[in-house]
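Chain residues, written in single-letter form:
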Amino acid sequence: MVARETLKNLTEAKHLEQQAVAAALLRVVVEHHVCDERLSECIRRLQAAPHLYHISSLLHLLRSSLSSGGSPFLNDLSLAIFDGAPLFEALHKAVDSLPQPMTTLDLFEGTRRAAEAYIDGTGASLWYCLRHPRFLWSAAMSTSVGGRLFGSLSPFDPKAFAGNSSGRLFKEKFCNRHGDFLELDWTVGPTPTVGDRMAPEAMAAIAGLRSSKSICFPHTRWIYVNLQNRRGMSEGRRSQALFDASQTSSGIFRLASVSVDAPFYRGSDRRLMTLRDHQSHLLGELKKGLTPSRSSWYAFALMEGEHGAWWRCVEEVVEKAFFLSEMTDHPIAVFHELVVLGLVRAWQGFCCRSLTGSVMSTVACKECVDRGGSVNAAYVWALGDDGEKHRACAVQAVLWGRPLLARQRLIERSRTRGFEALVRCCMPTAVHQYLEEIWNAACLNQWQKRGPVDFS
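Throughout, residues of each chain are indexed from 1 in the direction in which the sequence is written. Reporting of local features is limited, given that this is a predicted model, to residues whose pLDDT is at least 70; pairs of side-chain atoms are given and counted only at 80 or more, and all residues count toward the totals for whole chains, interfaces and linings. Neither water nor hydrogens contribute to the side-chain values; these are computed over all heavy atoms in the structure.

Notes on the overall build of the chain
Item 1. Working definition: helices are DSSP H or I runs of at least four residues, strands are E runs of at least two. Numbering for both runs from the N terminus. Scanning the chain for helices and strands turns up 20 helices and 9 strands.
Item 2. For the radius of gyration, the atom set is restricted to C-alpha positions; the globular benchmark scales as 2.2 Å times the number of residues to the power 0.38. The C-alpha radius of gyration computed for the chain amounts to 21 Å, which stays within 12% of the reference 23 Å derived for 456 residues, consistent with globular compactness.
Item 3. C-alpha atoms of the chain, sized along the principal axes, occupy 60 × 55 × 45 Å.
Item 4. Within the chain, the fraction of its 456 residues that count as buried is 59%.
Item 5. When checking whether two residues touch, look at their non-hydrogen atoms; a contact exists if any pair is within 4.5 Å. Of all intrachain contacts in the chain linking residues separated by at least 6 positions in sequence, the fraction that spans at least 24 positions is 77%.
Item 6. The protein chains shown are the only cover counted for residues, whose accessible areas, like all others here, come from Shrake-Rupley with a 1.4 Å probe. Of the accessible surface of the chain, which amounts to about 18200 Å², a share of 55% is contributed by carbon and sulfur atoms.
Item 7. Taking the average place of the 52 positive charges on the side chains of the chain and the average place of its 46 negative ones, the gap between the two points comes to 5 Å. With a 1.4 Å probe rolled over the protein chains alone, any residue whose accessible area is under 20% of its type maximum counts as buried; one over 50% counts as exposed, and the rest are partly exposed. Positive residues here are Lys and Arg, negative ones are Asp and Glu, while His and the chain termini are left out of the count. A single reference atom marks each charge: NZ on Lys, CZ on Arg, CG on Asp, CD on Glu.

Structural data, given as structure tokens:
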């Protein structure tokens, strides 16, 4: 009975998500006063009967239209795909019928064990694969073997094939002493690629930002942190496509690749014994990311003259993470998790120097389910300030709701070990302070936080 109620809840949450996407797209149609009958009809059909087949048809139609050339209207539709839909309500709906945590730590312990009684805790079981053949095929196509065998006929396409939608997670607001404002829209979603190339709608979104002619989206930049494995066969090619797009986008699409797959991050490099060993080794790996090669775990798409300033930001992140983690019970795991969070924050601040207005920011892996889900949830935990119960429920919406909406399963346990160590060993206020110091150093104290994060 509980399992049936959970499945019904997930279906309603997915419909809510798809309707939010449709509403964002319909707003673009209305604002532009464009009468494209086929696209408009497809959007209305998605809103009336939200289904992944309808979002798939819409994306294929949009890509077909983009193949004939872009326009402000099509560019705004593409931006709506990535940042038009507010997702937090749907994420909350996805976990509504599951056991509710009293503390964030419960999400890794008793509350999770209770949830696993009637929801899949992994995507590796035979029963899960039989019930979700579309997810299985999508996962197979994301591998190098699947891509080589069937990539020309069915390239990895998490949005149009598997219905993994993008949207806005929350918003941060900043101001400076001159009275100027900056808004940071945190978005989530799968890699903006199809196969091993940038998706047409991603390139159109970047073109829309570059032209600064958007009616619906005032964004001036897209800051992207890629969590995919740069040294993997398939993820390496997708990561390179993202890097190349950043290099040719004149500072509009700013990419950093941050490793959460390296042996030193996952604690399996036996050569590194002490926290100081990890710090020294990590600095060496990060240094390679300034001029990345295929063997680099990190990559930062820097513009001319930025290398020295960015390296100072990196050193600041590593030093502060070392200081905060060395007195904890799990110093190595906490250190690496803090470095990941710090690099994300530093990249945001570094890319926001001298900017005003609105900026998109995305932190995602291949599908933003496990690796991306954990990092984004860690930010919700650190930035929230409404008490532990409220914080735990907000974290649950991202940590569990994101994989439930995208894959109808919980997040893989192996991908939350660093975040769990952080929750066990550090107060969220201490991590919040650490991130605030990193932000201030990276953006040269230009932007000061204004109010709590906005999940609406």
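Examining the pairing of strand 2 (residues 181-188)
Item 1. Among the 8 residues in strand 2, 6 count as buried, and that is most of the element.
Item 2. The pairing criterion is simple: DSSP has to find at least two bridges between the two strands. As paired strands, strand 1 (residues 167-175) and strand 2 are joined by 8 bridges and run antiparallel to one another. Bridged to K171 within strand 2 is D185.
Item 3. Between strand 1 and strand 2, which pair antiparallel in sequence order, lie 5 residues; one of them, G179, sits at a positive phi of approximately 90 degrees.
Item 4. Examined bridge by bridge, strand 2 and strand 8 (residues 357-364) share 6 bridges and lie parallel to one another. Bridge pairing in strand 8 places D185 opposite M360.

Some thoughts on a nonpolar patch on the surface
Item 1. Only residues whose relative accessible area exceeds 30% and that form no salt bridge are eligible for patches; like-charged ones are grouped when within 9 Å, while nonpolar side chains (Val, Leu, Ile, Met, Phe, Trp, Tyr) are grouped when within 5 Å. Throughout this description, the term salt bridge denotes a Lys or Arg side-chain nitrogen within 4 Å of a carboxyl oxygen of Asp or Glu. On the surface, a nonpolar cluster with roughly 380 Å² of combined accessible area is contributed by W137, V145, L149 and F150.
Item 2. Along the polypeptide, F150 turns up in helix 9 (residues 144-150).
Item 3. Under the relative-accessibility criterion, F150 is labelled partly exposed at 36%.

Observations concerning the pairing of strand 5 (residues 219-226)
Item 1. Across the 8 residues of strand 5, 7 count as buried, placing the element largely inside the fold.
Item 2. As defined by bridge partners, strand 5 adjoins strand 6 (residues 253-257) across 5 bridges and the pair is classed as parallel. Residue pairing across strands places W222 opposite F253, the latter belonging to strand 6.
Item 3. If you view a crossover with the strands going away from you and the path from the first strand over the helix to the second runs clockwise, you call it right-handed. Tracing the backbone out of strand 5, into helix 11 (residues 233-247) and back to the parallel element strand 6 gives a crossover that is right-handed.

Describing the pattern of salt bridges
Item 1. Per the counting criterion, the structure on display carries 25 salt bridges.
Item 2. Note that R413 is salt-bridged to E116, the shortest N-O span being 3.6 Å. Of the two residues, R413 is situated in the loop between helix 18 (401-407) and helix 19 (417-425) and E116 in the loop between helix 6 (110-115) and helix 7 (126-131); the sequence distance between them amounts to 297 residues.
Item 3. A residue is classified by how much of its surface remains accessible, and E116, at 31% relative accessible area, is partly exposed.
Item 4. With a closest N to O distance of 2.1 Å, R131 and D120 form a salt bridge. Taken together, the residues R131 in helix 7 and D120 in the loop between helix 6 and helix 7 connect sequence positions 11 residues apart.
Item 5. Judged by its relative accessible area of 14%, D120 falls in the buried class.
Item 6. One network of salt bridges, with partners in common, ties together E235, D261, R371 and R415.

Examining the environment of T328
Item 1. By secondary structure assignment, the location of T328 is in the loop between helix 14 (307-325) and helix 15 (331-351).
Item 2. A relative accessible area of 15% places T328 in the buried class.
Item 3. For the pair T328 and D157, spaced 171 residues apart in sequence, the C-alpha to C-alpha distance is 41 Å.
Item 4. Apart from the residues within four sequence positions on either side, T328 is in contact with V334, C425 and C426.
Item 5. At 2.7 Å, the side chain of T328 and the backbone oxygen of S325 are in polar contact. Two N or O atoms form a polar contact when they lie within 3.5 Å of each other; inside protein one atom must be a possible hydrogen donor and the other a possible acceptor, and for residues adjacent in sequence the pair counts only when both atoms belong to side chains.

So, the sheet that holds strand 1
Item 1. If you walk across this open sheet you meet the 7 strands as 7-6-5-8-2-1-9, and the pairing is mixed. The sheet terminates laterally at strand 7 (299-300) and strand 9 (448-449), the two strands that pair on one side only.
Item 2. Running over the sheet, helix 16 (residues 371-383) touches strand 1, strand 2, strand 8 and strand 9 and is turned about 40 degrees from strand 1. Axis angles are defined between N-to-C directions and span 0 to 180 degrees, where every axis is a line fitted to C-alpha atoms and, for a helix, only to the segment in contact.

Looking at the packing of helix 4 (residues 72-83) against helix 10 (residues 200-211)
Two measures define how a pair of helices packs: the angle their axes make with one another and the distance between the axes.
Item 1. One can describe the packing of helix 4 onto helix 10 by two numbers: an axis separation of 8 Å at closest approach and a directional angle of 110 degrees. It follows from the interaxial angle that helix 4 and helix 10 lie roughly perpendicular. Two packed elements cross with a definite hand, and for helix 4 against helix 10 that hand is left-handed. Of the residues in helix 10, those touching helix 4 at N75, S78, L79 and F82 are E201, A202, A204, A205, A207, G208 and L209.
Item 2. When the residues that make up the contact of helix 4 with helix 10 are grouped by side-chain class, the tally is 7 nonpolar, 3 polar and 1 charged. Small angles under 35 degrees read as roughly parallel and large ones over 145 as roughly antiparallel, with 65 to 115 read as roughly perpendicular and the rest as oblique. Helix crossings get a hand from a simple test, with the near helix turned counterclockwise from the far one by less than a right angle marking a left-handed crossing and a clockwise turn marking a right-handed one. Charged residues are taken to be Asp, Glu, Lys and Arg, nonpolar residues to be Ala, Val, Leu, Ile, Met, Phe, Trp, Tyr, Cys and Pro, and polar residues to be all remaining types, Gly included.

A short note on the packing of aromatic side chains
Item 1. The rule is short: rings of Phe, Tyr and Trp, with Trp giving its six-membered ring, pair when the centres are within 6.5 Å, and they are stacked under 30 degrees, edge-to-face over 60, tilted in between. Across all of its chains, the model carries 20 aromatic pairs by this definition.
Item 2. On the numbers, 6.5 Å between centres and 90 degrees between planes, the contact of F264 with W297 is edge-to-face. One end of the pair, F264, is in helix 12 (residues 263-266); the other, W297, is in the loop between helix 13 (275-288) and strand 7, and 33 residues separate them in sequence.
Item 3. A relative accessible area of 10% means that W297 is categorised as buried.
Item 4. Relative to W347, the ring of F300 has its centre 6.1 Å away and its plane inclined at 40 degrees; by these criteria the two rings are tilted.

Functional significance is not addressed by these values, which are geometric in nature.
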